[in-house]
Amino acid sequence: MSYSKQDLKDLYEGKLPWPRIKEIMSRPKDDDRFEKYVEILQERMPWKEKILLPIGEHLFIVEKGKERIVKCDCGHEFGDYRRNWKLSALIFARDTREKLEEVYPGIKCPWPEFCEVREFYCPGCAALLKVESVPVGYPIIFDFLPDLDAFYSDWLGKPLPHKKEFRDMSQEVTGEWRPKPG
Amino acid sequence: MARGRGIGDRGKTLKQMLEDNRRLLRESGRYAGITKPHILKDDPIKAELFHSRIMSSLIAGRETCKQVSGSPYVREVAELCMGLYTPEGDAVVQSTGIQVHVRLMGDNVTWMIENNYEEDVGIQDGDLFLSNDPVIAGVHAADNYDILPIFWKGELVAWVCTVIMEMDIGAVSPGCMPCTAVERAGDGLKFDCEKIGSNDKIRRDFEVRIEMGLDLPDLFLLDRKGAVAANIRVREDIKEIIREFGLGYFKKATRELIEEERLNQIARIKQRTIPGRYRDIIPFEIYMSTIPASWLPSRKDMIRLIPMQMDILPEGRLVIDFDGIGEWGWHAYNPTTKALWGGLSIAVVQTLSYDGRANLGSLLPCDIKTPPVDSLFNPSQIKKLATGNPWPSMIDVFSLWCGMLGTSFYMRGFREETFNYVSGSGWQLAGYDQFGNKRPMLAGGPGTFGAGATGVCDGVDTGGWLATPETDVGNWEVWELFMPEMYMSRMLSPYSVGYGRYRSGISMGTMDMLHRLTLGITSGAIGAAHDRIIPNIGLFGGYPGGKRNSFLVRYRNFQDLVNNRLPLVHEVGHPKEFLSYPHGEIMYFDYMPPCMEVFDKDVYVVDNSSAGGLGDPIEREPALQKTDLDNGLTNEEISRNMYCIAVHYDEKAKEWSVDDGETRKLRAAKRKERLSRGVPVEQYWRQARQLILDKKLDPLLQEAYRSSMKLSQGFTRDYKDFWGLPDDFAF
């Protein structure tokens, strides 16, 4: 089971009508999807680093030297993929009724006393990368930390060079922000 | 080999079979210890025939039930499902229909075995069992499981189960999903794997109990008769299948079907997802401080945090962890741990195992870690609590779980499978219907929420109701015959949408007027709508749909309005304007509507919202927006404000056009605005941290954090680590 790259490009670019999409959804899945997906995305990028994993509409984990970093398609780099990329983004918190009503007017508006809608932008291209709706005071969510080495080694059978420990390193970022004693 | 005293395989007791089966799974990691499955592979045509014969029998049984039953839930909404189970209670094949119960039906069987029914109660050919207690296995008491053993020459070889949702279970008013139940007795009648008949016949004394205990005994008993007829039909079909394929083949093949599905599920996980750690948060809100309640401690407002972590492990397992969840409460919304499996079943069947082969094997690679004791999902005194309506606390959990899995599909390249969903609000009623009968009433048609956007196209309009994939929400005219209501309108709401490069589906709101009602009380139903905090359900830059609301409109003088031909309420319209309707009082419930009296000509309004959009809204293809505009699904305001698309309506051509130049300018300005509004996260972090240190959060939120920290050291540590709080910090 396999699709041509052109089929997949049409799918990703929204060129297929719903009946055809439904047909693809209903058929058995294609085993080479990931490889073709990454090839298609890589061809679109203005930069050369190898894509290891797309993690959003604009964001990719890429191989840069011996490191693996999160990179926007515009070229902006967010640092090690094991640190929540959001901590290196720009944030706009909709924390008042006025700000919330720009998106959710009138009766559609959540309560600003309880709910904060956080928007994370790329500092390079201003793309809206993630909208996060959470109770006020909730830590910024690290949506996804991939086990990249297990994925490439165990599932794809193509181990990556420069193995990395699978652990959340975000605290290194917020640790730097803590007020220094004294 | 001489038979032992048991009714199971080779004279074993069912308990021995269950213990053996569990041991084999534990020791080998494979269902029933099947290390070399071959029965199905040796003759795939025979195997396919075998599976399809069972499946078609279950589907035919389900149709039989629909024909016998007279209840609108069965006949109109088809909220029922059938399944075939091994002697130990393991799901082999499911019919079409509501897939919540894949494992739960069998868990009732397992419970009977564990509780020594074989000896103490007796299990014989033709015995009829009924169960609806979520503490044993189930989601809410409205779901009734009719269970029938299948014997072959004196040996119990399988079970067949039918589940039906009932409108009346004798619960405290109003309705069958009572949000007013604050004590266990309020849940209604409970049948704890009760033997309600023998020799294929329902006992008369059981019927008497129903006749004396329910407002709608006829519908309840008709459903039982429908379920019993369906079960008998399947039983006889299974005997025919055994006759044709042989008992040995039947026993081995049913077990191999489970093991085969377990292996397939692991293969699907490895083919479609990415291993790693996924995290999200689901708040659960409940506002009961002012409601009438029999048990006074229930009169309390509370928010509970439900952090969720899904780990996809390298071996292809999914593990769900709710560490950090807050405490239980005196309300109807405490799910049992079994109920969580119901939520997971329905999500798994529709995201991964949708090829008609779903069974226990679909769930064996999944694990739900036992939630902390005395949390909302694991109250230690669950037997003393109401469990009548656990969906409000649970349904968004699995909405967001689908989003997590959808994220994974997207990253793997299966963008077309990206998906999430939401639930919404509704109303339930008790009182005298238009025929003078006092009874509970719950229409089965609020499931019209827009599904989340996919990674390749907009979400399906009104297609986001995961609970039952086949719902057609019934024929509304039938509900009008059955309840004292008239449907005023069902309107697609442009403002219900989760905006994004691809938008969510559009939700449909409903308005129905109470008509020929002489006495009624009402409350909210389903209840996932009482969210002052909207669910975190937007993907990759898409927004979640907005707030979900319920309203009650009470006209000042209905007859005058009609006589003067003044407009009745028939649509929500612009969300900023609805509350200013001039001819009546609008009661606005941004929380679960409490129990209250309603009157003839009052209007129920359900203002649904959709799941999440996907991608940056200002990257939406203008042509998609033009199509939506031409179809009347959106408007100029949304196009400009949310998508930065400039549009004009051409009166002559009767269609919309996009101004490409102006659109480019709007989008450039929006990017500029973002760069000027956005601040480095460090700056935000310092301000938010100070707010927390100064304890300036709303008291309800502080109590929510306190509750989670009380139950979880891990959550407490993570919270303090993230915000850099001192060790002795406490809310």
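Because the structure is a prediction, the values reported are computed rather than measured.

**Q** Would you mind showing me how to read the sheet that holds strand β10 (residues 318-321) of chain B here?
**A** What holds strands together in a sheet is hydrogen bonding between their backbones, with the strands either parallel or antiparallel. Taken in spatial order, the five strands of this open sheet run β8(A)-β8(B)-β9(B)-β10(B)-β11(B), and their pairing is mixed. Of all the strands in the sheet, just β8 (144-146) of chain A together with β11 (366-368) of chain B have a single pairing partner and so form its edges. Across this sheet, the average inter-strand angle for adjacent strands is 15 degrees, counted without regard to direction. As defined by bridge partners, β8(A) adjoins strand β8 (residues 276-287) of chain B across three bridges and the pair is classed as antiparallel. Each residue of the ladder has a partner; that of A:L145, found in β8(B), is B:R277. Contacting β10 and β11 of chain B, helix α10 (residues 337-351) of chain B crosses the sheet at an angle of about 150 degrees to β11(B). Sheet contacts for helix α12 (residues 391-412) of chain B: β8 of chain A together with β8, β9 (301-312) and β10 of chain B; angle to β8(B), the most-contacted strand, approximately 155 degrees.

**Q** What's the story with the nonpolar core in this structure? I'm lost.
**A** Counting residues in each nonpolar core, the largest one holds 282 residues, and the members touching the most others are A:L53, B:W159, B:F322, B:L344 and B:W401. With 13 residues, α12(B) is the largest single contributor of residues to this core. Contacts of B:W401, omitting those with residues within four sequence positions, involve B:M308, B:M310, B:L318, B:I320, B:L344, B:A347, B:V348 and B:T351. In terms of nonpolar packing, the next biggest core, distinct from the first, is built from 15 residues, B:F558, B:Y581, B:V603 and B:V605 among them.

**Q** Hey, could you run me through the interface of chain A and chain B in this one?
**A** It is common to give the size of an interface as the accessible area that goes away when the parts come together. On the chain B side, the residues contacting the 86 residues of chain A number 101 residues. One can count nine salt bridges joining chain A with chain B. Of the charged contacts in the structure, one is a salt bridge between B:K576 and A:E101, with a shortest N-O distance of 4.0 Å. At the boundary of chain A with chain B, the tally comes to 44 residue pairs in polar contact (both at pLDDT 80 or more). Here the element with the most residues in the side of chain A that touches chain B is strand β7 (residues 128-135) of chain A; it accounts for eight residues. Looking at the side of chain A that touches chain B residue by residue, the class counts come to 56 nonpolar, eight polar and 22 charged. Where strand β5 (residues 90-94) of chain A lies against strand β23 (residues 679-680) of chain B, two bridges are found, and the strand directions are antiparallel. Residue pairing across strands places A:I91 opposite B:V679, the latter belonging to β23(B).

**Q** What exactly am I supposed to notice about the side chain of B:S504 here?
**A** One can find B:S504 in the loop between β14 (485-493) and β15 (507-514). Among residues more than four places away in sequence, those in contact with B:S504 are B:A451, B:G452, B:A453, B:G459, B:V497, B:G498, B:S610, B:A611, B:G612 and B:G613.

**Q** Quick question: what am I supposed to make of the domain arrangement of chain B here?
**A** Here chain B is partitioned into domain 1 (9-262), domain 2 (617-677) and domain 3 (681-723). Its C-alpha centre places domain 2 of chain B at a distance of 40 Å from the equivalent point of domain 3 of chain B.

**Q** Honestly, empty space enclosed by the protein in this entry has me stumped. Any pointers?
**A** Over the atoms rolls a probe the size of a water molecule, and in doing so it shows where empty space is left. Using the criterion set out here, one finds nine cavities of 30 Å³ or more in the structure. One number sums up the size of the largest cavity: a volume of about 380 Å³. Lining the largest cavity are 34 residues, and of these A:K130, A:D143, A:F144, B:T407 and B:F540 sit closest to its centre. The set of elements that each furnish at least two residues to the lining of the largest cavity consists of β2 (59-64), β7 and β8 of chain A together with β8 and α12 of chain B. Considering each element in turn, the lining of the largest cavity owes the most residues, six residues, to α12(B). Looking at side-chain class alone, the lining of the largest cavity contains 18 nonpolar, nine polar and seven charged residues.

Procedures and definitions
Residues numbered from 1 in each chain as written. Chains lettered and ligands numbered in written order. Predicted model: local features only at pLDDT ≥ 70, side-chain atom pairs only at ≥ 80, totals over all residues. Heavy atoms only, no water. Pairing = 2+ DSSP bridges. Helix = DSSP H or I, 4+ residues; strand = E, 2+ residues; numbered from the N terminus. Axes fitted to C-alpha atoms, helices over the stretch in contact; angles between N-to-C directions. Contact = heavy atoms within 4.5 Å. Core = buried A, V, L, I, M, F, W, Y, C linked by side-chain atoms within 4.5 Å. Buried < 20%, exposed > 50% of the residue type's maximum accessible area, 1.4 Å probe, protein only. Salt bridge = Lys/Arg side-chain N within 4 Å of Asp/Glu carboxyl O. Polar contact = N/O pair within 3.5 Å; in protein donor to acceptor, adjacent residues only side chain to side chain. Nonpolar A, V, L, I, M, F, W, Y, C, P; charged D, E, K, R; others polar. Domains from an automatic or database assignment. 1 Å grid on protein atoms, 1.4 Å probe; cavity = no way out; pocket = protein on both sides within 12 Å on 5 of 7 lines; lining within 4 Å. Points joined across faces, edges and corners; volume = space filled by probe spheres on them.

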